[in-house]
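# Observations on the three-dimensional arrangement
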Amino acid sequence: MVDKAIVNGQVYQDGHWVKTNVYISGEKIYAITKDHYLAKEVIDATGLLVLPGLIDPHVHFDLDLGYIRSVDDFERGSMIAALGGVTTIIDFLEPVDNEKDLEKAYRKRLFEAEDSYIDFKFHACIKNPVCDLEVFVRKMSELGMNTLKCFTTYSDSGRMTSDETIIELLKLSEKYKFLLLVHAEDDSLIRLDPELMFRDLPVSRPKAAEINKAVQLIGYVAKYGGYLYMVHVSSGETIERLKEIHVELLNRKFFIESCPQYFLFDSSRLLQDDGYLYTTAPPLRTKTEQMYLRSNIDWVHVIGTDHCAFTSDQKAHEYLYEIPLGVGSIEHSFGVMHQMFGDKVIDKMSKNIALLHRIESQKGRLKVGLDADIILYKLEQSVIDSDHSNSDYSIYSGTQRSGIVMSTLIRGEFVVRDRNIERTFGRLVKGDGF
Ligand SMILES: [Zn+2]
């Protein structure tokens, strides 16, 4: 007898909907078949879509900015993730300069993530190291991480990685098969004048900063090889330019991630009286850029949220330098993206990420032998009217969504059952081959 049977649902399998049953034994998917097996618990999914648990590769839970912390810690953040159908999140370690600090940062984050309801993984994060990079990369592998994030900006806070180091890391990424995540903005085009107000954010961080750096980086990949993943692409023109110059590398060696906020909102929000609530880095772009981005959805390989929630009190300042940049979205990302683009977002929020992060033997699809990370989704267009973040506002309030996540299972256990939260404990996911 198997543990659970999800019967009569429309099951997402390799891009198709099949009316079939999913059987769970322990933590794994035991069978997907129209045949009937005896189960201890039968879940009737009549009228529901059965989807793989989503993976969010870009979250900032409990982010310490020194003077302020993001308000969703691992406990709350992972709970609202589950309400949004996300069963695995990938967060970031603190940026470091050498392999000793990397190990410390890893232990610290592992401790902070203990309360997570769902499974989690980490990206290592590097500043501008003076150490032997190969030793650093080996330490990263030893700790089970196969992604490394760097910044081409934030020189003011010492987080910027030099081009020489990026080139070196690209070469190493080829040798050690890891993914180099880059926050790509040309630092020389960023303006941080203290008199800039929140509505000047697009002046402070112009689209040219993103485009220039992206063009330069794809040039490096063409010349030196390696695997680069550009996080939170905000501007449609960036993708247009990348296609013009190196279409052959796109989503083969140079991967594009974007986030719901850049598809949903444009920079006119920043002109509102409460425009500070919409401040992110990179910023929201013009309506035209937003339309470009939407028309390039097929070139966006991965959708991550960059979930980084703050309260309206924390955000309510006139001057940019006083405002922590970031918004929350993990609870709503699937509903709003599915509303806009339909089923094509499913793989971008599950399978594609599992493959890139080499966790495809565990996560990302409904397949026999994989973890039973499953969501039951009720198609029913509605407007978002509630939010469970520790923040007191959501920029998604009033936004149209395609439906509601009714239930979420993490490794065979309900974490959300008919919209009610149950206490589960996530665990660290290691990349395949570690
Ligand atoms: Zn981020």
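Residues numbered from 1 in each chain as written. Predicted model: local features only at pLDDT ≥ 70, side-chain atom pairs only at ≥ 80, totals over all residues.

## Regarding the pairing of strand E8 (residues 119-125)
- With seven of seven residues buried, E8 lies mostly within the body of the structure.
- Of the two faces of E8, the one carrying Asp-119, Lys-121, His-123 and Cys-125 and the one carrying Phe-120, Phe-122 and Ala-124 are both buried.
- Note: strand E7 (residues 86-92) against E8, five bridges, orientation parallel. Of the residues in E8, the one forming a bridge with Asp-91 is Phe-122.
- For E8 and strand E9 (residues 147-151), the ladder comprises two bridges, and the chain directions are parallel. Each bridged residue has a counterpart across the sheet, and for Cys-125 the counterpart in E9 is Lys-149. (Buried ≥ 20, exposed ≤ 12 C-beta atoms within 10 Å, placed from the backbone. Helix = DSSP H or I, 4+ residues; strand = E, 2+ residues; numbered from the N terminus. Pairing = 2+ DSSP bridges.)

## Here's the deal with the domain arrangement of the protein
- Assigned domains within the protein: domain 1 (2-51 + 364-419) and domain 2 (54-356).
- Its C-alpha centre places domain 1 at a distance of 27 Å from the equivalent point of domain 2.
- Between domain 1 and domain 2, the residue contacts involve 28 residues of the former and 39 residues of the latter.
- Those elements giving two or more residues to the side of domain 1 that touches domain 2 turn out to be strand E14 (374-383), strand E15 (400-410) and strand E16 (413-417).
- Top element by residues in the side of domain 1 that touches domain 2 is E15. It accounts for seven residues.
- The class makeup of the residues in the side of domain 1 that touches domain 2 is 12 nonpolar, 11 polar and five charged. (Domains from an automatic or database assignment. Contact = placed C-beta atoms within 7 Å. Nonpolar A, V, L, I, M, F, W, Y, C, P; charged D, E, K, R; others polar.)

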